[in-house]
Amino acid sequence: MKIFDITKELFSSKPFPGDPHPEMRLEKTLEKDGYNLTVFSACAHNATHIDAPSHFLPNSSTVSDINIEKCMGKCMVCDNIDRAMSACDMGFRRIILKDINVTPTQAGYFAERAELIGISGESIGSDTAPGEVHRILLSHNVVILENLELSDIECGEYGIVALPLKMKGSDGSPVRAVLLKDE
């Protein structure tokens, strides 16, 4: 099996405009303390991450409530929205969009058929108003996986594993996302 890491590195990824930059520092060092201990701070939506419904919907579930079965399994990577919709019609419930985004109308289509939508962009939906697409998908409990590194990934069928950290109360979580392909 071939494994493709599709995660963007946390500290070197450009944050979404207005979001804080992640930072890290060594709190303890081998030289002084006999061990290294790294402390970091980051927005839950820096680099590759999952959005929970509470990111855009009041009084809704948080990242620790996400059914992790939605975050792993068979998926289809597509660089064409029509092919992505066809993949849903063929039974794929996890769709990864390479270099394309989603309109509100398309989000409505996916909301009825998909469990997870992943994109290579920083945020799903319009660059100027991403909220509408988020609200449509999240209100149907579709997991949104954003900011994937797909530049070396060919379109086609894969397995995916993209598990959020178990962060009770958080509206999102960094993930380590991988695609799996039988050789």
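A brief look at the structure comes next. (Residues numbered from 1 in each chain as written. Predicted model: local features only at pLDDT ≥ 70, side-chain atom pairs only at ≥ 80, totals over all residues. Heavy atoms only, no water.)

### Overview of the pattern of salt bridges
1) Next: In this structure the tally under the stated criterion is six salt bridges.
2) Next: With a shortest N-O distance of 2.7 Å, aspartate 5 and arginine 176 are connected by a salt bridge. Here aspartate 5, found in strand E1 (residues 2-5), pairs with arginine 176, found in strand E10 (residues 172-181); they are 171 residues apart in sequence, far enough to count as distant.
3) Next: For arginine 83, the salt bridge is made with aspartate 79, and the minimal N-O distance between the two is 3.0 Å.
4) Next: Exposure remark for arginine 83: the relative accessible area of 52% places this residue in the exposed category. (Salt bridge = Lys/Arg side-chain N within 4 Å of Asp/Glu carboxyl O. Helix = DSSP H or I, 4+ residues; strand = E, 2+ residues; numbered from the N terminus. Buried < 20%, exposed > 50% of the residue type's maximum accessible area, 1.4 Å probe, protein only.)

### Structural notes on a nonpolar patch on the surface
1) Next: Together, Leu30, Tyr35, Leu37 and Val39 make up an exposed nonpolar region whose accessible area comes to about 340 Å².
2) Next: Checked against the element boundaries, leucine 30 lands in helix H1 (residues 30-33). (Patch = residues over 30% accessible without salt bridge, like charges linked within 9 Å, V, L, I, M, F, W, Y side chains within 5 Å. Areas by Shrake-Rupley, 256 points an atom, 1.4 Å probe, with all protein chains shown as cover.)

### A look at the nonpolar core
A general trend in soluble globular proteins is that nonpolar side chains are found buried together.
1) Next: Counting residues in each nonpolar core, the largest one holds 25 residues, and the members touching the most others are Ile95, Leu97, Val102, Phe110, Ile117, Ile124 and Leu137.
2) Next: Going through the elements one at a time, strand E5 (72-78), helix H2 (81-89), strand E6 (94-97), helix H3 (104-111), strand E7 (116-119) and helix H4 (131-139) are the ones with two or more residues in this core.
3) Next: Tallying contributions element by element places H2 first for this core, with five residues.
4) Next: Look past the residues within four positions of isoleucine 117 in its chain and what remains in contact with it is Ile95, Leu97, Phe110, Ile124, Val142, Val143, Ile144 and Leu145.
5) Next: Within the second largest apolar cluster, 21 residues are counted, among which are Ile66, Ile96, Leu116 and Leu150. (Core = buried A, V, L, I, M, F, W, Y, C linked by side-chain atoms within 4.5 Å. Contact = heavy atoms within 4.5 Å.)

### Some points on the packing of H3 against H4
Two quantities define a packed helix pair, namely the angle between the axes and the distance from one axis to the other.
1) Next: Relative orientation of the contacting elements H3 and H4 amounts to 10°, with a least axis distance of 9 Å. Considered as vectors, H3 and H4 are oriented roughly parallel to each other. Remark: the crossing between H3 and H4 carries right-handed chirality. Across from Pro104, Ala107, Gly108, Phe110 and Ala111 in H3, the residues of H4 making contact are Glu132, Val133, Ile136 and Leu137. (Axes fitted to C-alpha atoms, helices over the stretch in contact; angles between N-to-C directions. Parallel < 35°, antiparallel > 145°, perpendicular 65-115°, else oblique. Left-handed = near helix turned anticlockwise from the far one by under 90°.)

### Focus: the packing of H2 against H3
1) Next: At a minimum axis distance of 10 Å, the contact between H2 and H3 shows a crossing angle of 20°. Comparing the axis directions of H2 and H3 gives the class roughly parallel. Relative to H3, the crossing made by H2 is left-handed. Within the contact between the two elements, H2 uses Ile81, Ala84, Met85, Cys88 and Asp89 and H3 uses Gln106, Tyr109 and Phe110.
2) Next: Residues belonging to the contact of H2 with H3 are distributed by class as follows: six nonpolar, one polar and one charged. (Nonpolar A, V, L, I, M, F, W, Y, C, P; charged D, E, K, R; others polar.)

### Things to note about the side chain of glutamine 106
1) Next: Within the secondary structure layout, glutamine 106 lies in helix H3.
2) Next: Of the polar contacts made by the side chain of glutamine 106, one reaches the backbone nitrogen of threonine 103; its length is 2.9 Å.
3) Next: Ignoring any residue separated from it by four or fewer positions in sequence, one finds glutamine 106 in contact with Ile81, Met85 and Asn101. (Polar contact = N/O pair within 3.5 Å; in protein donor to acceptor, adjacent residues only side chain to side chain.)

### Notes on the packing of aromatic side chains
1) Next: For the structure shown, the criterion picks out three aromatic pairs.
2) Next: Ring geometry for phenylalanine 11 versus phenylalanine 40: centroids 6.3 Å apart, planes at 85°, classification edge-to-face. Placement of phenylalanine 11 in the loop between E1 and strand E2 (23-28) and of phenylalanine 40 in strand E3 (residues 37-41) is noted, with a sequence separation of 29 residues between them.
3) Next: Owing to a relative accessible area of 31%, phenylalanine 11 belongs among the partly exposed residues under this scheme.
4) Next: When the ring of tyrosine 109 is compared with that of phenylalanine 110, the centres are 6.0 Å apart and the planes differ by 80°; the resulting orientation is edge-to-face. Phenylalanine 110 carries the same exposure label as tyrosine 109, and that label is buried. (Phe/Tyr/Trp six-rings, centres within 6.5 Å; stacked < 30°, edge-to-face > 60°.)

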